[in-house]
Amino acid sequence: AEAEVLDHEVGLGAIRKLGGAWQFKASERFSGHLTSYTWQVVDGFTSIEVMNDLVAAIEGMDNSEMLFACKGRSCGPGVQWANRVFHQPVLYGREDLQRYRVYRVQGDDGQYLLTIYSGARTADRQYLHAGLLKVAG
């Protein structure tokens with residue numbers, strides 16, 4: 001999916017309920033062009049293995065900086081990540097298997113934010129979601 005976004009909230013902390021409303025412990029808002037994908041991981045791989053490979057590639061780049069990472073229950077309720085944050089109910093799975101990371105990547109043409117979320121319900125239902133936001137000038 002691709003969209004121009006205005007004041008798009010990027011979670012830089014766990015999601016939690018405060019005063020009856022779900023919100024991030026910390027977040028920042030950005031405008032720009034957002035491209036997002038959700039993949040089902042197949043062929044005997046786990047979503048965590050695929051995410052680990054992606055993370056290793058990103059962290060091997062000189063122009064990337066990790067802004068936030070969480071795993072398992074420390075991220076907050078998986079159902080909130082799946083439905084409220086990413087609007088992808090298939091991502092909902094076991095909270096101990098969820099992973100989330102945010103990176104800032106400096107490109108030749110500007111700044112990007114990369115969010116990666118991994119969720120798994122069963123061995124056959126493994127999902128990875130990534131969003132790349134090209135931050136408006």
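Residues numbered from 1 in each chain as written. Predicted model: local features only at pLDDT ≥ 70, side-chain atom pairs only at ≥ 80, totals over all residues. Heavy atoms only, no water.

Considerations on unusual backbone geometry
Line of reasoning, step 1. With a phi angle near 55°, Asp7 is a residue other than glycine that sits in the positive phi range.
Line of reasoning, step 2. In this structure, Asp7 sits in strand β1 (residues 2–11).
Line of reasoning, step 3. On the accessibility criterion, Asp7 (48% relative accessible area) is partly exposed.
Line of reasoning, step 4. Phi angles above zero are rare outside glycine, and Asp43 is one such case at about 65°.
Line of reasoning, step 5. Note on placement: Asp43 falls in the loop between β4 (27–41) and α1 (47–59). (Helix = DSSP H or I, 4+ residues; strand = E, 2+ residues; numbered from the N terminus. Buried < 20%, exposed > 50% of the residue type's maximum accessible area, 1.4 Å probe, protein only.)

A short note on the state of the cysteines
Line of reasoning, step 1. One pass over the structure, following the stated rule, counts one disulfide.
Line of reasoning, step 2. Bridging Cys70 to Cys75, the disulfide has an S-S length of 2.1 Å. Residues Cys70 and Cys75 are joined through a disulfide that is right-handed, its torsion about the S-S bond being 115°.
Line of reasoning, step 3. Among the residues examined, Cys70 registers a relative accessible area of 9% and is labelled buried. (Disulfide = S-S within 2.5 Å.)

Re the sheet that holds strand β8 (residues 125–135)
Line of reasoning, step 1. Read across the sheet, six strands follow the order β1-β4-β8-β7-β6-β5 without closing on themselves; strand pairing throughout is antiparallel. Strands with a single pairing partner mark the edges of an open sheet, and in this sheet they are β1 and β5 (64–71). Direction aside, neighbouring strands of the sheet carry axes that sit 30° apart on average.
Line of reasoning, step 2. Two strands pair when backbone bridges link them, and strand β7 (residues 110–122) and β8 are joined in this way by 10 bridges, in the antiparallel orientation. Within β8, the residue paired with Thr122 across the bridge is Arg125.
Line of reasoning, step 3. Sheet strands in contact with α1 are β4, β5, β6 (99–107), β7 and β8, and its direction is about 160° off that of β7. (Pairing = 2+ DSSP bridges. Axes fitted to C-alpha atoms, helices over the stretch in contact; angles between N-to-C directions. Contact = heavy atoms within 4.5 Å.)

Re the pattern of salt bridges
Line of reasoning, step 1. Overall, the coordinates contain four salt bridges when judged by the stated rule.
Line of reasoning, step 2. The salt bridge partner of Arg104 is Glu65, with a shortest N-O separation of 3.3 Å. With a gap of 39 residues between them, Arg104 in strand β6 and Glu65 in strand β5 connect regions that are remote in the sequence.
Line of reasoning, step 3. When its relative accessible area of 25% is taken as the criterion, Arg104 is described as partly exposed. (Salt bridge = Lys/Arg side-chain N within 4 Å of Asp/Glu carboxyl O.)

Details of the packing of aromatic side chains
Line of reasoning, step 1. Using the criterion set out here, one finds eight aromatic pairs in the structure.
Line of reasoning, step 2. Taking the centre distance of 5.5 Å and the plane angle of 55° together, the rings of Phe24 and Trp81 count as tilted. Linking Phe24 in strand β3 (residues 21–24) with Trp81 in helix α2 (residues 78–85), this pair joins segments that are 57 residues apart in sequence. A single burial state applies to Phe24 and to Trp81, both of which are buried.
Line of reasoning, step 3. Judged by centre distance (6.0 Å) and plane angle (55°), the rings of Phe68 and Tyr100 are tilted. Of this pair, Phe68 sits in strand β5 while Tyr100 sits in strand β6, and the two are 32 residues apart along the sequence.
Line of reasoning, step 4. Site record: aromatic cluster; members linked through ring pairs are Phe24, Phe68, Trp81, Phe86, Tyr100 and Tyr117. (Phe/Tyr/Trp six-rings, centres within 6.5 Å; stacked < 30°, edge-to-face > 60°.)

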